[in-house]
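Listed below, chain by chain, are the residues.
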Amino acid sequence: MLIELIGYLGSVLVVVSMLMSSVVKLRVINTAGSCISATYALIIHSYPLALMNICLIVINLYNLAKLSKNGQHYNLVGGKTDDPLLAYFLSYFQQDIQNFFPETANELSAIIAAAASSAPDSLQTVPDLPHVAPDDLQTARDLCTVDTAYIVCCDAIPAGVLLGKLDKNGTLAITVDYTTPFYRDCSVGGFLYSKLPERGILRLTYSGNSQKHESYLLKMGFQKENGIYVKQLK
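We now turn to the structure provided with this report. Small disclaimer: the values here were computed from a predicted structure and weren't measured.

1. So, the overall build of the protein
The number of helices and strands found in the protein is 9 helices and 7 strands. The contacts in the protein between residues at least 6 apart in sequence include a share of 63% that link residues at least 24 apart. About 12,800 Å² of surface is accessible on the protein, with carbon and sulfur atoms providing 60% of the total.

As structure tokens, this is what we get:
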């Protein structure tokens, strides 16, 4: 009975890993499940099953090692706040972004509207990009205080976005620092922060009150000073 329970536990972990949106969590849980399943297979002398799980363990460890190397697959792309790609990205992930940055709902809508309005006619037909009448365009731009935008790409796939307002001293007041669910925990933030000094950004601040974002900020080395999170980059 105990042996059977070991087999069930390994199978459950493998199935649960498939439900993870984060690729790192998927591979970690899948590795644990594969280890248990391989042990179970060896106990019952099912060597083909054991070999398959051992191969999965090796594949997972190899990919986890690659993911742990900051920036190996990442590129930082600077963009304008009226970039159509930025508008599409923000529109597609708008609900999840607002889950972490609820106070930016109006700001996001303004950025999306202004960016979508500057897109070529061929992009205006994309459902995720709202059409904005010319009379409303200036209003949308007036509402948008963000003047700096960066997109982090992994193998040409957008993985995260940084929006904020940059002052003349090199301090970026963060509005949104978002990573897509699939690339969460994959060192996107570490890569991003390592590259920002090359773009003249020496200090980051965040004054929002999102509790869901607080653990990430502390993990990335932000310090809370007078109610504002601050990180010195250089």
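2. Quick word on the nonpolar core
Core analysis: the biggest nonpolar cluster contains 41 residues, and Leu90, Val161, Leu163, Tyr178, Leu196 and Leu204 have the highest contact counts within it. Once residues within four sequence positions are removed from consideration, leucine 90 is found in contact with Ile97, Leu108, Ile111, Ile112, Val161 and Leu163.

3. Examining the pairing of strand β3 (residues 157–166)
The sheet contact formed by strand β2 (residues 148–154) and β3 spans 7 bridges and is antiparallel. Bridge pairing in β3 links threonine 148 to glycine 164. Linking β2 to β3, which pair antiparallel, is a turn of 2 residues; within it aspartate 155 sits at a positive phi near 50°. Pairing between β3 and strand β4 (residues 171–179): 7 bridges, direction antiparallel.

4. Observations regarding the environment of glutamate 225
Tracing the backbone through its elements, the reader meets glutamate 225 in strand β6 (residues 223–225). Exposure remark for glutamate 225: the relative accessible area of 42% places this residue in the partly exposed category.

5. Overview of unusual backbone geometry
With a phi angle near 65°, histidine 45 is a residue other than glycine that sits in the positive phi range. Locating histidine 45 in the fold gives a position in the loop between α2 (23–43) and α3 (47–67). For histidine 45, a relative accessible area of 55% corresponds to the exposed category. You will see that aspartate 155, though not glycine, has its phi angle at about 50°, which is positive. You can see aspartate 155 is positioned in the loop between β2 and β3. Of the residues examined, aspartate 155 reaches a relative accessible area of 53% and is grouped as exposed.

6. Brief notes about the packing of helix α1 (residues 2–17) against α2
With their axes 8 Å apart at the nearest point, α1 and α2 run at an angle of 155° to one another. Considering their axes alone, α1 and α2 lie roughly antiparallel with respect to each other. Handedness of the α1/α2 crossing: left-handed. Here Ile3, Glu4, Ile6, Gly7, Leu9, Gly10, Ser11, Leu13, Val14 and Ser17 of α1 come into contact with α2, specifically with Leu26, Ile29, Asn30, Ala32, Gly33, Ser34, Ile36, Ser37, Tyr40 and Ile43. Class assignment of the residues belonging to the contact of α1 with α2 gives a composition of 11 nonpolar, 8 polar and 1 charged.

7. Re the sheet that holds β4
Strand-to-strand pairing in sheets goes through backbone hydrogen bonds, with the strands running parallel or antiparallel. Ordered in space as β1-β2-β3-β4-β5-β7-β6, the 7 strands form an open sheet in which the pairing is mixed. Each having just a single partner strand, β1 (74–79) and β6 make up the two edges of the open sheet. For this sheet, the mean angle separating the axes of adjacent strands, direction not counted, is 35°. Contacting β2, β3 and β4, helix α4 (residues 84–92) crosses the sheet at an angle of about 105° to β3.

Criteria and thresholds
- Residues numbered from 1 in each chain as written.
- Predicted model: local features only at pLDDT ≥ 70, side-chain atom pairs only at ≥ 80, totals over all residues.
- Heavy atoms only, no water.
- Helix = DSSP H or I, 4+ residues; strand = E, 2+ residues; numbered from the N terminus.
- Contact = heavy atoms within 4.5 Å.
- Areas by Shrake-Rupley, 256 points an atom, 1.4 Å probe, with all protein chains shown as cover.
- Core = buried A, V, L, I, M, F, W, Y, C linked by side-chain atoms within 4.5 Å.
- Buried < 20%, exposed > 50% of the residue type's maximum accessible area, 1.4 Å probe, protein only.
- Pairing = 2+ DSSP bridges.
- Axes fitted to C-alpha atoms, helices over the stretch in contact; angles between N-to-C directions.
- Parallel < 35°, antiparallel > 145°, perpendicular 65-115°, else oblique.
- Left-handed = near helix turned anticlockwise from the far one by under 90°.
- Nonpolar A, V, L, I, M, F, W, Y, C, P; charged D, E, K, R; others polar.

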